[in-house]
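The residues making up each chain are set out below.
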Amino acid sequence: MAAAAASFAALPCLLLLMLMLPSLDAASNVTYDHRSLIIDGRRRLVISTSIHYPRSVPEMWPKLVAEAKDGGADCIETYVFWNGHEIAPGQYYFEDRYDLVRFVKIVRDAGLLLILRIGPFVAAEWNFGGVPVWLHYVPGTVFRTNNEPFKSHMKSFTTYIVNMMKKEQLFASQGGNIILAQIENEYGGYLEEYYGPAGKAYAMWAASMALSQNTGVPWIMCQQTDAPDPVINTCNSFYCDTFQPNSPTKPKMWTENWPGWFQTFGESNPHRPPEDVAFAVARFFEKGGSLQNYYVYHGGTNFGRTTGGPFITTSYDYDAPIDEYGLRRFPKWAHLRELHKSIKLCEHTLLYGNTTFLSLGPKQEADIYTDQSGGCVAFLANIDSDKDTVVTFRNMKYDLPAWSVSILPDCKNVVFNTAKVQSQTSTVIMVPESLQASKSDQWSTFRERTGIWGKNDFVQNGFVDHINTTKDSTDYLWYTTSFSVDRSYSSKGSHAVLNIDSKGHGVHAFLNNELIGSAYGNGSKSSFTVELPINLRTGRNELALLSMTVGLQNAGPSYEWIGAGFTNVNISGLKNGDVDLSSNNWAYKIGLEGEYYSLFKPDQRSNKRWIPQSEPPKNQPLTWYKVNVDVPQGDDPVGIDMQSMGKGLAWLNGNAIGRYWPRTSSTDDRCTPSCNYRGTFNPDKCRTGCGQPTQKWYHVPRSWFHPSGNTLVVFEEKGGDPTKITFSRRVVSSVCSFVSEHYPSIDLESWDKSTANDASATAKVQLSCPKGKNISLVKFASLGNPSGTCRSYQKGSCHHPNSLSVVEKACLNTNSCTVSLSDGGFGKDLCPGVIKTLAIEADCA
């Protein structure tokens, strides 16, 4: 064994990596030990990223998978979305963006492994946590506890998915690429305790049920400390270096590394610095981790009325904030790509070696791995959140910035430091394009009737629960009533006040067909109370309340029982006292008239309800707009800018873009002008965008556009200006880099432990514009001690005057370029003793 290991370690790096790629053309035996998964007898270190297939369209999947692979991932993780697949009991749907088999095969054909998190409860910032709404109405059903109806349907769906994967031979045991399956999701601890003994029994049943499926691959349960053998319990968090599985026989796995924080709707955006993400990942592998998955929704989007947006976790699954690989990519992914290459250089020694811990200082430490073949890997960590330091390790000195980890694949040469970002930063702008009308009569409109349209669905004294009434078939439910006022009801002050108490999620209030106000809950509390000044008229008054949901709660104890709709409505401020309308006779109507007539469908030529108009009405509530538009030029990702609108829904060629709601965040959200990566990340750190719309662009896949004759339909609830709606193309406008002399300078693509280190190697700046674009202008270049960040670099006290000319010579009119900090063109060192940094900002065109 030792001789074999020695010859294995001696292989050149590139050949070694080729041998370590997964073989997907034959059945693989997947097991595990305390160090890692074991695939075909060899321990594997797995780096994974999330692509949740329904959050994108099939046309996007190959590119998303390819980009994940290019970023250093050798595995893709996805949930299975029960409520998207089982649309009614026993009625299944696996087409379009729910074509699970097609997605798994695309991942397989790219040479990547796959983690299938069946759940089938997933949370995932997804409507109702992925559980079908119809299941809530099966008599006697209680979610996620030792409840027979729930367990019966859960087992049935899990078995259906497993059998589908088996039929297509997609489990690794059959020659496929699925190496792990997950049952349940984040149930242990608080939730299990909430349900008491029934919760414990349910968790054990779920594990047993999963094992009975005989997939031939291990099962996992994340955040389930009592997961029974042989099910592996895993970690979900910002940091998992201190996590330990519940058995010494199980490997240390991190199923959800949160590279960002989920935006709470109506609040500012917290962004986790890439230096801290890299620090967390390096620490995880340093401390014996073997599998980690970025929970970043690499292919997130906002499609559909009841699917949630990816970067949000709230009490309710708002799907206004959205992300997509082309609209707001995780920043500096290239920095993590370099991290992944560095860790992969260490794989054999990490998984087969012995580890030694060494203290290097009060907050500095080293973990050293050595194997029988003579391999040696070291992680040097500075966990001080304030002070940079220099440590001595094996008689050599190493610069360690605060809150950073250096990786030494040979215990000598630093190939990566988590705080030293050598990869470029790309500046992305959204280039607006006005809606280019395909026809002269470009606009058509339809005005919703306020209150009951057609015949009411039912009449009842008092209030009904919104969700129990609509069963999430629509966002909208009308509550309407009437009351009479005579002259003796004159108000004591200037106005009477309409008071509304609601369980959520929102309301538009109309009095005598006029919109008098709107109110909403928020991400942490869906219920709300609103007071609206009103002008009553003598005689009969008509009150119509349009209750709205914005997705259903996705997690929490007994979350399926949390409702929506009104609990109290009264009028105060009247001379003769308050008027309570709560017990009035209320008429109800489910949904909108435009929904009933399917105004969003693409073929509406024969629908005479649309009224052509050369200029559409503006700031008019309850209005449907239709316009024929041309496809935006180029092939850049497209978003639709809805900042001029209030709140509503949008479709392109019958495809649901989703809800839009460009709500403005609070100016009191503790936003910071800059973000220090140092120290433990939390959701209140690194906030940006205070006082700005939480979301203004909504992704529109290019595959939804026709060459011509595209129909955009918008339903506006509150009132807006549709003429100011624009498409916007996501364009990389400039690239920046900031690299110092003490940054690692080893080429990870060709580095080989057996080759002596070239001491003369110097740090380099590498810049690259997107395909088809060249560097057209060098806006800033300074070798010396510049400061600042991309787009705001400043020269320091040390600056080489030839900086700009050297960079222009190397980079102008090229797609990519490399500039060494030792380039002779810089001339004589004007600042001896100063650690040199090269900062560059360049435009792409």
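Shown above is the structure to which this text applies.
Now for a look at the structure at hand. (Residues numbered from 1 in each chain as written. Predicted model: local features only at pLDDT ≥ 70, side-chain atom pairs only at ≥ 80, totals over all residues. Heavy atoms only, no water.)

1. So, the overall build of the protein chain
Next up, step 1: Looking only at helices and strands, the protein chain has 15 helices and 46 strands in total.
Next up, step 2: The buried share of the protein chain, reckoned over its 845 residues, is 59%.
Next up, step 3: Surface accessibility of the protein chain: about 32,500 Å² in total, with carbon and sulfur atoms responsible for 49%. (Helix = DSSP H or I, 4+ residues; strand = E, 2+ residues; numbered from the N terminus. Buried < 20%, exposed > 50% of the residue type's maximum accessible area, 1.4 Å probe, protein only. Areas by Shrake-Rupley, 256 points an atom, 1.4 Å probe, with all protein chains shown as cover.)

2. Describing the state of the cysteines
Next up, step 1: Taken as a whole and judged by the stated rule, the model has 8 disulfides.
Next up, step 2: There is a disulfide in this structure between Cys798 and Cys831, and the S-S distance comes to 2.1 Å. With the S-S bond torsion at 105 degrees, the cross-link from Cys798 to Cys831 turns out right-handed. Taken together, the residues span a long stretch of sequence, with Cys798 in the loop between strand S44 (775-784) and helix H15 (803-811) and Cys831 in the loop between strand S45 (816-820) and strand S46 (837-844) at a distance of 33 residues.
Next up, step 3: Its relative accessible area of 13% is what places Cys831 among the buried residues.
Next up, step 4: Of all cysteine sulfurs in the structure, the one in Cys235 sits closest to Cys222, which takes part in no disulfide; the separation is 9.4 Å. (Disulfide = S-S within 2.5 Å.)

3. Some thoughts on the nonpolar core
Side chains of a nonpolar character, in soluble globular proteins, are inclined to be buried together.
Next up, step 1: Counting residues in each nonpolar core, the largest one holds 146 residues, and the members touching the most others are Met165 and Leu339.
Next up, step 2: Apart from the residues lying within four places of it in its own chain, the contact partners of Met165 are Leu100, Val101, Val104, Leu116, Leu170, Phe171, Gln174 and Ile178.
Next up, step 3: Counting 26 residues, the second-largest nonpolar core is a separate cluster that includes Leu477, Ala509, Ile534 and Leu543. (Core = buried A, V, L, I, M, F, W, Y, C linked by side-chain atoms within 4.5 Å. Contact = heavy atoms within 4.5 Å.)

4. Overview of the packing of aromatic side chains
Next up, step 1: On inspection of all chains with the given rule, the structure shows 47 aromatic pairs.
Next up, step 2: Centroid distance Phe463 to Phe566: 6.4 Å. Interplanar angle 70 degrees. Geometry classified as edge-to-face. A residue pair is termed long-range when its members are at least 10 positions apart, and Phe463 in the loop between strand S24 (458-461) and helix H13 (466-470) and Phe566 in strand S31 (residues 566-572) qualify at 103 residues. Grouping residues by exposure puts Phe463 and Phe566 together as buried.
Next up, step 3: Consider the rings of Phe780 and Tyr793, whose centres lie 5.7 Å apart with planes at 40 degrees: the pair is tilted. Here the residue Phe780 occupies a position in strand S44, and Tyr793 occupies one in the loop between S44 and H15, the gap between them amounting to 13 residues.
Next up, step 4: The class for Tyr793 is buried, based on a relative accessible area of 12%.
Next up, step 5: One Lys or Arg, Arg144, reaches over the ring of Phe121 and ends 3.5 Å from the middle of that ring.
Next up, step 6: Over the ring of Trp453 we find Lys589, and its NZ or CZ is 4.4 Å from the ring centre. (Phe/Tyr/Trp six-rings, centres within 6.5 Å; stacked < 30°, edge-to-face > 60°. Lys NZ or Arg CZ within 6 Å of the ring centre and 35° of its normal.)

5. Looking at the pairing of strand S25 (residues 476-485)
Next up, step 1: With 8 of 10 residues buried, S25 is to be regarded as a mostly interior element.
Next up, step 2: As paired strands, S25 and strand S30 (residues 539-548) are joined by 10 bridges and run antiparallel to one another. Looking across to S30, one finds that Tyr476 is bridged to Met548.
Next up, step 3: Sheet analysis places S25 next to strand S33 (residues 585-590), joined by 4 bridges and oriented antiparallel. Of the residues in S33, the one forming a bridge with Trp478 is Lys589. (Pairing = 2+ DSSP bridges.)

6. Things to note about the sheet that holds strand S3 (residues 42-44)
Next up, step 1: The sheet built from 3 strands is open, its strands ordered S1-S2-S3 with antiparallel pairing. Every interior strand has two partners, whereas the edge strands, strand S1 (30-32) and S3, have only one. Averaged over neighbouring strand pairs, the angle between their axes works out to 40 degrees when direction is ignored.
Next up, step 2: The pairing of strand S2 (residues 37-39) with S3 spans 3 bridges and is classified as antiparallel. Within S3, the position partnered with Ile39 by the bridge is Arg42. (Axes fitted to C-alpha atoms, helices over the stretch in contact; angles between N-to-C directions.)

7. Things to note about the side chain of Thr469
Next up, step 1: On the secondary structure map, Thr469 appears in helix H13.
Next up, step 2: Excluding anything up to four places from it in sequence, Thr469 contacts Phe458, Val464, Leu477 and Ile590.

8. Examining the packing of helix H5 (residues 100-109) against helix H7 (residues 148-167)
Next up, step 1: Where H5 meets H7, the axes come as close as 11 Å, and the angle between the chain directions of the two elements is 50 degrees. One element, H5, and the other, H7, form an angle in the oblique class. Handedness of the crossing formed by H5 with H7: right-handed. On the side of H5, the interface is formed by Leu100, Val101 and Val104, while H7 contributes Ile161, Met164 and Met165. (Parallel < 35°, antiparallel > 145°, perpendicular 65-115°, else oblique. Left-handed = near helix turned anticlockwise from the far one by under 90°.)

9. Points about unusual backbone geometry
Trans peptide bonds make up most of the peptide bonds, and negative phi angles are found at most residues other than glycine.
Next up, step 1: Put simply, Gly119 and Pro120 share a cis peptide bond, and its omega is -5 degrees.
Next up, step 2: Along the chain, Pro120 turns up in the loop between strand S8 (113-119) and helix H6 (133-136).
Next up, step 3: Cis rather than trans, the peptide bond between Gly504 and His505 has omega equal to 0 degrees.
Next up, step 4: With respect to the helices and strands, the residue His505 is situated in the loop between strand S26 (496-502) and strand S27 (506-511).

10. Re the sheet that holds strand S10 (residues 219-222)
Next up, step 1: Read around the closed barrel, the 8 strands follow the order S4-S5-S8-S9-S10-S11-S12-S14; overall the barrel is parallel. Across the sheet, the mean angle from the axis of one strand to that of its neighbour is 30 degrees, orientation sign disregarded.
Next up, step 2: Across 5 bridges, the pairing between S8 and strand S9 (residues 178-183) is parallel. Bridge pairing in S9 links Ile115 to Leu180.
Next up, step 3: Lying on the sheet, H5 is in contact with strand S5 (75-79), S8 and S9; it crosses S8 at an angle near 155 degrees.
Next up, step 4: Where helix H10 (residues 274-286) meets the sheet, it contacts strand S4 (46-50), strand S12 (253-257) and strand S14 (291-294), and its direction lies at approximately 160 degrees from that of S14.

11. Some words on H5
Next up, step 1: Every buried residue of H5 is listed here: Leu100, Val101, Phe103, Val104, Ile106 and Val107.
Next up, step 2: A positive phi of about 85 degrees marks Gly111, the residue just after H5.

12. A few points about the pairing of strand S23 (residues 443-447)
Next up, step 1: Among the 5 residues that make up S23, 4 are buried, leaving the element largely enclosed by the rest of the structure.
Next up, step 2: Relative to strand S34 (residues 611-613), S23 runs antiparallel, the two being bridged by 3 bridges. Within S34, the position partnered with Thr445 by the bridge is Ile611.
Next up, step 3: When S23 meets strand S35 (residues 623-629), the two strands line up antiparallel, connected through 5 bridges. For Phe446, the partnering residue across the bridge sits in S35 and is Trp624.

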